[in-house]
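# Chains, contacts and geometry: an overview
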Amino acid sequence: RPWQAGRDQLLLFTDGVSDARDRQGRVLGEAAVLDVARAAAPAADPELLLRRAFARLDAHTEGAPPRDDLTVLA
């Protein structure tokens, strides 16, 4: 189906985001990143999606140093 304005979103992220680890070595995972997009309103502002994605990432890593690049595009 074609993209619909105000309904569809595109969220791209590198594996550094989904593979980000907390201090115990547990990965964040793709599902947690996608949950951010699913929880947002369909017409959510891309900047809001980015803030929420990085907030989720920060909450998971608890300040652990990144092992890879952390890139998210909305």
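Below or above, wherever it landed, is the structure these notes cover. (Residues numbered from 1 in each chain as written. Predicted model: local features only at pLDDT ≥ 70, side-chain atom pairs only at ≥ 80, totals over all residues. Heavy atoms only, no water.)

Here we come to the environment of A39. Along the chain, the position of A39 falls in helix α2 (residues 30-39). With relative accessibility at 63%, the residue A39 sits in the exposed group. Distance from A39 to D58, taken between C-alpha atoms, is 17 Å for residues 19 residues apart in sequence. (Helix = DSSP H or I, 4+ residues; strand = E, 2+ residues; numbered from the N terminus. Buried < 20%, exposed > 50% of the residue type's maximum accessible area, 1.4 Å probe, protein only.)

A word on a negative patch on the surface. Negative charge collects at one region of the surface, where D15, D19, E30, D68 and D69 lie side by side. Inspection of the secondary structure puts D15 in helix α1 (residues 15-18). Given the relative accessible area of 45%, D15 is considered partly exposed. (Patch = residues over 30% accessible without salt bridge, like charges linked within 9 Å, V, L, I, M, F, W, Y side chains within 5 Å. Areas by Shrake-Rupley, 256 points an atom, 1.4 Å probe, with all protein chains shown as cover. Salt bridge = Lys/Arg side-chain N within 4 Å of Asp/Glu carboxyl O. Lys, Arg positive; Asp, Glu negative; His and termini not counted. Charge placed at Lys NZ, Arg CZ, Asp CG, Glu CD.)

Here the focus is α2. Taken together, the buried positions of α2 are A32, V33, V36 and A37. Each buried residue of α2 sits inside an arc of 150 degrees when the element is viewed along its axis, so together they form one side. Opposite the packed face of α2, turned more than 90 degrees from it, sit the exposed residues E30, R38 and A39. Structurally, α2 contributes buried residues whose contacts are with β1 (12-13), α1 and α3 (46-61). (Arc of directions from axis to C-beta. Contact = heavy atoms within 4.5 Å.)

Glancing now at a nonpolar patch on the surface. Among the surface-exposed residues, W3, L10, L12 and L73 lie close enough to one another that they form a single nonpolar patch of about 440 Å² accessible area. Judged by its relative accessible area of 47%, L10 falls in the partly exposed class.

Quick look at the nonpolar core now. Listed in full, the 11 residues of the largest apolar core are L11, V17, A20, L28, A32, V33, V36, A37, A53, L57 and V72. Taken together, the elements giving at least two residues each to this core come down to α2 and α3. Among the elements that take part in this core, α2 stands out by supplying 4 residues, more than any other. Those residues within four positions of V72 in sequence are excluded, and the remaining contacts are L11, L12, F13, V17, L50, A53 and F54. (Core = buried A, V, L, I, M, F, W, Y, C linked by side-chain atoms within 4.5 Å.)

With respect to the secondary-structure elements, D19 resides in the loop between α1 and α2. Looking at D19, the relative accessible area reads 41%, which means it is partly exposed. Along the chain, D19 and L49 lie 30 residues apart, while their C-alpha atoms are 19 Å from each other.

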